[in-house]
Amino acid sequence: MIFLSLHTSPPFRNVSWPATTMSMVYSLLSLSTLAAASLSAFSARAQVTPLKAGSASCSCSSGFIPVPVDVTVPLDPSDPAGLNATHTRRLQSTFQIFGVLCEPVSEHTKHGRDAIQLLLHGQTYTSQYWDVTWGGFQNYSYMAYSCSRGISSFAYDNIGAGQTIRPINATDCQILTAGNVSSSLARGLKSGRVGHILTGKKKQFEKVIGYGHSQGSATLNYAAIGDGADSPFDGLVLTGMVHDPQFIIKSPVIALPANEVDPVRWGGLDPGYITTPNASARFLFYGPDRSSFSPTIFQLDELTKSVGSKWISAQIRFSYASAVGYKGPVVELVGSLDEVHCLNSGAPCDQARLQVSEAAFWPHSKNFTMVVIDGFGHDVNFEFAAAQAFPIMTQLFESFA
């Protein structure tokens, strides 16, 4: 095998690459020309932003999507019995979900019109995890990278996070609710409802591939368990998550009520909304090798952190069940030095071992694959590992779509 040496700006560093991957690497480098476009100041009315990512033009629309929810949830969201709890309640509500839809402008893109990625972030993050668009950080935008390859994306702020309208009481934000919302949005992408709300046109997608990160992966996992054979997701790519028993016993993530962490910003929130207390607590989301990520992206991570519901975190265990009936292909992708999961259990992630243990959670999937990126941590999008992860993730979309 021939290796070439490459040196450039984040998310890359001095690293050796197989010659067979160099074309993908050079394609990723083209993202440095992406115009910065902040997604942080949108009104309820959808806004459209044309982007230029690599060789493909992209059109991005954002706004709020009403998502009705009618689910049964535990009266006490900390009850380990879940839906088998003695006391449950019916939750009927309409969540105003903030989302961003990005499509390649060219009508000739292979999958630009008939398939789409649905992207869901992790705890204390927002949809911007998938689209870091501030000047100097454009190479970290997975949405722009995808769009430059003719792939459409829809990213949204999970219930309780980002610009999505938060319920007054955080107990309305449970993993059962979040899973219901994700499936509803996937169905809305297929029916054309989401596209109509955000663009004014009824854009229907034949296939929806769900991409999650960390808690977002657990949410999509739970949705697949609940929907089974009726799942609207035609495939799943779950990053930053494995079914790690130690994580359920004792999560290493430190989170406090957001109204205590930053009273000026979040003082009016229910104490059930949580965030990390300081920058040091976020080192856990990166590999122990501090040279595996840029200190500037780490600073941006801390400055732009959001909140999430403690009750979704408390119910992650509900996603540790077999997704009986779900037939779509599934890929789980993690860094070998993920401190939230693998190192939390005392050893690096081992691909061969996880291929066997994780496949058991997807008994009816047409194809389960475990991918471990050596030497990197939990937030693969924000580490230099993105140079390896982004090409893998778009290739998976091509094969699923």
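For the structure itself, look to the data block above.
Basis of the calculations
Residues numbered from 1 in each chain as written. Predicted model: local features only at pLDDT ≥ 70, side-chain atom pairs only at ≥ 80, totals over all residues. Heavy atoms only, no water. Helix = DSSP H or I, 4+ residues; strand = E, 2+ residues; numbered from the N terminus. Buried < 20%, exposed > 50% of the residue type's maximum accessible area, 1.4 Å probe, protein only. Contact = heavy atoms within 4.5 Å. Areas by Shrake-Rupley, 256 points an atom, 1.4 Å probe, with all protein chains shown as cover. Salt bridge = Lys/Arg side-chain N within 4 Å of Asp/Glu carboxyl O. Axes fitted to C-alpha atoms, helices over the stretch in contact; angles between N-to-C directions. Parallel < 35°, antiparallel > 145°, perpendicular 65-115°, else oblique. Phe/Tyr/Trp six-rings, centres within 6.5 Å; stacked < 30°, edge-to-face > 60°. Lys NZ or Arg CZ within 6 Å of the ring centre and 35° of its normal. Pairing = 2+ DSSP bridges. Right-handed = clockwise from strand over helix to strand, strands pointing away.

**Description of the overall build of the protein chain**
Working step 1: Scanning the protein chain from terminus to terminus reveals 12 helices and 14 strands.
Working step 2: Across the 401 residues that make up the protein chain, the buried fraction comes to 57%.
Working step 3: Looking at the protein chain alone, contacts between residues at least 24 apart form 73% of all its contacts between residues at least 6 apart.
Working step 4: In the structure as shown, the protein chain presents an accessible area of about 15300 Å², 55% of it carried by carbon and sulfur atoms.

**Thoughts on the pattern of salt bridges**
When charged atoms on two side chains of opposite charge get close, those side chains can pair.
Working step 1: Enumeration according to the criterion identifies 7 salt bridges in this entry.
Working step 2: With a shortest N-O distance of 3.8 Å, Arg187 and Asp227 are connected by a salt bridge. Of this pair, Arg187 sits in helix α3 (residues 175–191) while Asp227 sits in helix α5 (residues 215–227), and the two are 40 residues apart along the sequence.
Working step 3: On the basis of relative accessibility, which here comes to 36%, the residue Arg187 falls in the partly exposed class.
Working step 4: The salt bridge involving Glu302 is made with Lys305; its shortest N-O contact spans 3.2 Å.
Working step 5: Residue classification places Lys305 among the buried residues on the basis of a relative accessible area of 5%.

**What to know about the packing of α3 against α5**
Geometrically, a packed helix pair is captured by the angle between its two axes and the distance between the axes.
Working step 1: Look at α3 against α5: their axes get within 8 Å of each other, and the N-to-C directions meet at 80 degrees. Here α3 lies roughly perpendicular to α5, going by the angle between them. The residues of α5 that touch α3, namely those facing Ile175, Leu176, Ala178, Gly179, Ser182, Ser183 and Arg187, are Ala218, Thr219, Leu220, Tyr222, Ala223 and Asp227.

**Some words on the packing of aromatic side chains**
Working step 1: A full pass over the atoms with the stated rule returns 17 aromatic pairs.
Working step 2: Arranged with centres 6.0 Å apart and planes meeting at 35 degrees, the rings of Tyr142 and Tyr211 form a pair that is tilted. Note that Tyr142 is positioned in helix α2 (residues 142–147) and Tyr211 in strand β8 (residues 207–213), a separation of 69 residues in sequence.
Working step 3: On the basis of relative accessible area, Tyr142 is assigned to the buried category, the value being 0%.
Working step 4: Consider the rings of Phe293 and Phe298, whose centres lie 6.0 Å apart with planes at 40 degrees: the pair is tilted. Per residue, the accessibility class of Phe293 equals that of Phe298, and both read buried.
Working step 5: Cluster of aromatic residues (ring-pair linked, three or more members): Tyr125, Tyr129, Trp130, Tyr142, Tyr145, Tyr211, Phe285, Phe382 and Phe390.
Working step 6: A cation over a ring is seen here: Arg282 above Tyr125, with NZ or CZ 4.8 Å from the ring centre.

**So, the sheet that holds strand β12 (residues 308–309)**
Working step 1: An order of β10-β11-β12 is seen for the 3 strands of this open sheet, with the pairing classed as antiparallel. Both edges of this open sheet fall to β10 (256–257) and β12, since each of them pairs with a single strand only.
Working step 2: In terms of strand pairing, β10 meets strand β11 (residues 273–275) through 2 bridges, oriented antiparallel. Across the sheet, Leu256 pairs through a bridge with Thr275, a residue of β11.

**Digging into unusual backbone geometry**
Working step 1: Not every positive phi belongs to a glycine, and Thr124 is a case in point at roughly 70 degrees.
Working step 2: Structurally, the position occupied by Thr124 is in the loop between β6 (115–120) and α2.

**Overview of the pairing of strand β14 (residues 368–373)**
Working step 1: Where burial is concerned, most of β14 is hidden: 5 out of the 6 residues are buried.
Working step 2: As judged from the 6 bridges shared by strand β13 (residues 330–335) and β14, these two strands associate in the parallel manner. Looking across to β14, one finds that Val330 is bridged to Phe368.
Working step 3: The handedness of the β13 to β14 crossover, carried by helix α11 (residues 351–359), is right-handed.

No statement about biological role is implied by the geometric values presented.
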